[in-house]
Amino acid sequence: MTYINQLFNHQDQKVTLKGWLYNIRSSKAIHFLEVRDGTGLCQCIVAADDVSDAVFEAAGTLKQESSLEITGTVLKDERSAGGYELHATDLKIIQLAENYPITPKEHGIEFLMENRHLWLRSRKQWAAMRVRNEIIFAIHNFFQGRGFVQLDSPIFTGNAAEGSTTLFETDYFDEKAYLAQTGQLYGEAMAMAHGLIYTFGPTFRAEKSKTRRHLTEFWMIEPEMAFYDLEMNMDLAEDMIKAIVASVLEKNRAELEILERDTTALEKLAEKRFERMTYTEAVERLKSDETAKLLDEMEESRKRELDEISKEREVIKKEHGSAKKWRKVQIDQRMKEISARIDQIEEDLRNIPGWKKSARNFEWGNDFGGSDETVLMMQFDVPLIVTHWPAEIKAFYMKRDETGKLALGMDILAPEGYGEIVGGSQREDSLAVLEERIEEEGLEKEVFEWYLDLRRYGTVPHSGYGLGLERTVAWICGLSHVRETIPFPRMLGRLRP
Ligand code: 4AD
Ligand code: MG
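This section reports on the structure supplied with the text. (Residues numbered from 1 in each chain as written. Chains lettered and ligands numbered in written order. Predicted model: local features only at pLDDT ≥ 70, side-chain atom pairs only at ≥ 80, totals over all residues. Heavy atoms only, no water.)

**Things to note about the overall build of the protein chain**
- A tally of helices and strands in the protein chain yields 15 helices and 16 strands.
- The C-alpha extent of the protein chain, read off along each of the three principal axes, is 85 × 50 × 50 Å.
- Intrachain contacts of the protein chain at a sequence separation of at least 6 include 68% that bridge at least 24 residues.
- In the structure as shown, the protein chain presents an accessible area of about 24,600 Å², 50% of it carried by carbon and sulfur atoms. (Helix = DSSP H or I, 4+ residues; strand = E, 2+ residues; numbered from the N terminus. Contact = heavy atoms within 4.5 Å. Areas by Shrake-Rupley, 256 points an atom, 1.4 Å probe, with all protein chains shown as cover.)

As structure tokens, then:
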């Protein structure tokens, strides 16, 4: 058995592929089978002249997602997707599939989510998962290459570290336990034992709102570094993100193409320094005339585009009735693109007035909302690191600046409208100050005693951050919603499949 992504090693040789039928087109003497095997797609040509009558007939009965084994010769073909096609000499059907629910026609998102277990086989979903895999690999590579030790933090925990409103509570043998919102506090303990560590695990937050950025179960990578200050923390995160992007650009060209990701901005990342500004500067930018003007321009250009493609739609609609068959196929395809684009434009046009208002009226001291992040990050093609946040809106464990008013936190916002992908900080390392914070926040001191021990026994300046895997996948793949960045997303109202 040979895998499709290895066909380049088998040019002009006879091989057997095992996989599933992705698509079939037939004419009198030839069936064109698009076969997928998990590693890629390959066009297989079953010609009446090359196979037995029984095989030729059997090929004609194949339906989408039927499983099969196909043998033939590998020929180079520049025009086909993977660069090679298979000229079949034999075909065995493993199972003739029932009518497959996901067809090439357009499906609504709810239907696709209900069929996530099958939707994973579709090309774009497949490509996004391959990129996710590469990102995970690149992260391990990056940290392992720098001497970090990967250690795991527990999922069952007695500590709330990121606010009490998003806790999943569970019963732990008659004791109250929570699913981990973060591994950080444990990460700090492990960093005091190993210096440089990172955790890589699932985290849970009872997010009660439906947004394109929130899951209730997501994966977080949390490095924690003894003797790092905020500056070193930022430098590390910047290097890590650049390493991830470089790795995906190197290994996932084909996947990014399937995802129709315009890689111009990603391409430029390597040689550019990330933008850095304080929270206060970011607020000024958000409220600025410049931002308002940008949104006005965006609104105008969306309206113009809507006008133009609506006209185009009218014209090709008229043409459809009398068009030849091949042209009808073309028109149907274009109509599908147009209707998707119109949905997008109409959504933008609905959003823009709210964005404008929210940006203009933003008040210093508030946290950025999703739309504020979108508006801010439409203006950048590299990530933006925002530092020095109002202490009130940040977690109790963050160290504060000399004034005591600002937290030495850093969020990294992804460009092209994506928003926060990293949250981190320098940690409070003074026992007295941390005790005070815990008291102020009304947290139960007892459950944090072990954490306070880290400040009793050889406390040192230290820092760390958390990278959200799914948001990173969304940005790099150019996906508009995190639900397509994880095999089986968990969100408000979505527990199955
Ligand atoms: O900013 P957050 O809440 O930071 C922490 O949890 C820190 N303890 C991390 C640390 O310093 N070790 O979360 C970190 C990142 C966010 O920037 C975001 O990318 C992701 O985790 N994230 C989510 N991703 C998907 N769905 C959610 N509900 C998320 N909440 C946070
Ligand atoms: Mg955050």
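Having seen the model, we can carry on.
**Structural notes on the site of ligand 1**
- Taken together, 23 residues surround ligand 1, and among them E162, Q184, R205, E222 and E420 come closest.
- Between ligand 1 and Y397 there is a distance of 3.3 Å, counted from a nitrogen atom to a side-chain nitrogen or oxygen.
- Within the contact set of ligand 1, an oxygen atom lies 2.8 Å away from a backbone nitrogen or oxygen of I421.
- Within the complex, the protein chains bury 94% of what would otherwise be the 630 Å² of accessible surface of ligand 1. (Near = heavy atom within 4 Å. Polar contact = N/O pair within 3.5 Å; in protein donor to acceptor, adjacent residues only side chain to side chain.)

**A look at the sheet that holds strand β6 (residues 149-150)**
- Read from one edge to the other, the open sheet built from eight strands follows the order β6-β10-β11-β16-β15-β14-β13-β12, with strand pairing classed as mixed. This sheet does not close on itself; its edge strands, each paired only once, are β6 and β12 (275-278).
- Where strand β10 (residues 196-204) lies against strand β11 (residues 217-226), nine bridges are found, and the strand directions are antiparallel. Note that in β11 the partner of L196 across the bridge is M225.
- Set on the sheet, helix α4 (residues 123-145) makes contact with β6, β10, β11 and β16 (462-468); between it and β10 the angle comes to about 155 degrees. (Pairing = 2+ DSSP bridges. Axes fitted to C-alpha atoms, helices over the stretch in contact; angles between N-to-C directions.)

**Let's talk about a negative patch on the surface**
- Side chains of E106, D343, E346 and E347 sit close together on the surface and give a patch of like negative charge.
- Structurally, E347 is set in helix α11 (residues 325-360).
- For E347, a relative accessible area of 37% translates into the label partly exposed. (Patch = residues over 30% accessible without salt bridge, like charges linked within 9 Å, V, L, I, M, F, W, Y side chains within 5 Å. Salt bridge = Lys/Arg side-chain N within 4 Å of Asp/Glu carboxyl O. Lys, Arg positive; Asp, Glu negative; His and termini not counted. Charge placed at Lys NZ, Arg CZ, Asp CG, Glu CD. Buried < 20%, exposed > 50% of the residue type's maximum accessible area, 1.4 Å probe, protein only.)

**Re the nonpolar core**
- Residues I135, I139, F143, I241, M410, W475 and I476 are the most contacted members of the largest nonpolar core, which totals 61 residues.
- For this core, the leading source of residues is helix α6 (residues 230-251), giving 10 residues.
- Each residue touching I241, except ones within four places of it in the same chain, is listed here: L269, F274, I412, I421, V422 and W475.
- Listed in part, the 22 residues of the second largest apolar core include V55, A59, I70 and L86. (Core = buried A, V, L, I, M, F, W, Y, C linked by side-chain atoms within 4.5 Å.)

**Comments concerning the side chain of R427**
- Tracing the sequence through the fold places R427 in the loop between β15 (419-426) and α13 (431-440).
- Taking the relative accessible area as the measure of exposure, R427 reaches 2% and is therefore buried.
- Residues in contact with R427, not counting those within four places in the same chain, are Q184, E188, E224, Y397, K399, R455, H462, S463, G464 and Y465.

**Thoughts on a nonpolar patch on the surface**
- Judged by side-chain polarity, F156, Y172 and F173 come together as a nonpolar surface patch covering roughly 370 Å² of accessible area.
- If you trace the backbone, F156 turns up in strand β7 (residues 156-157).
- Its relative accessible area of 46% is what places F156 among the partly exposed residues.

**Regarding the pattern of salt bridges**
- Counting across every chain of the model gives 40 salt bridges.
- Here K399 and D429 are joined by a salt bridge, their closest N and O atoms 3.6 Å apart. One end of the pair, K399, is in the loop between β13 (384-390) and β14 (406-414); the other, D429, is in the loop between β15 and α13, and 30 residues separate them in sequence.
- Taking the relative accessible area as the measure of exposure, D429 reaches 15% and is therefore buried.
- Across the salt bridge formed by R456 and E435, the nearest N and O atoms sit 3.8 Å from each other. Taken as a pair, R456 in helix α14 (residues 449-456) and E435 in helix α13 lie far apart in primary sequence, 21 residues in all.
- A cluster of three or more residues bridged by salt bridges with shared partners is formed by E231, D235, E238, K242 and R276.

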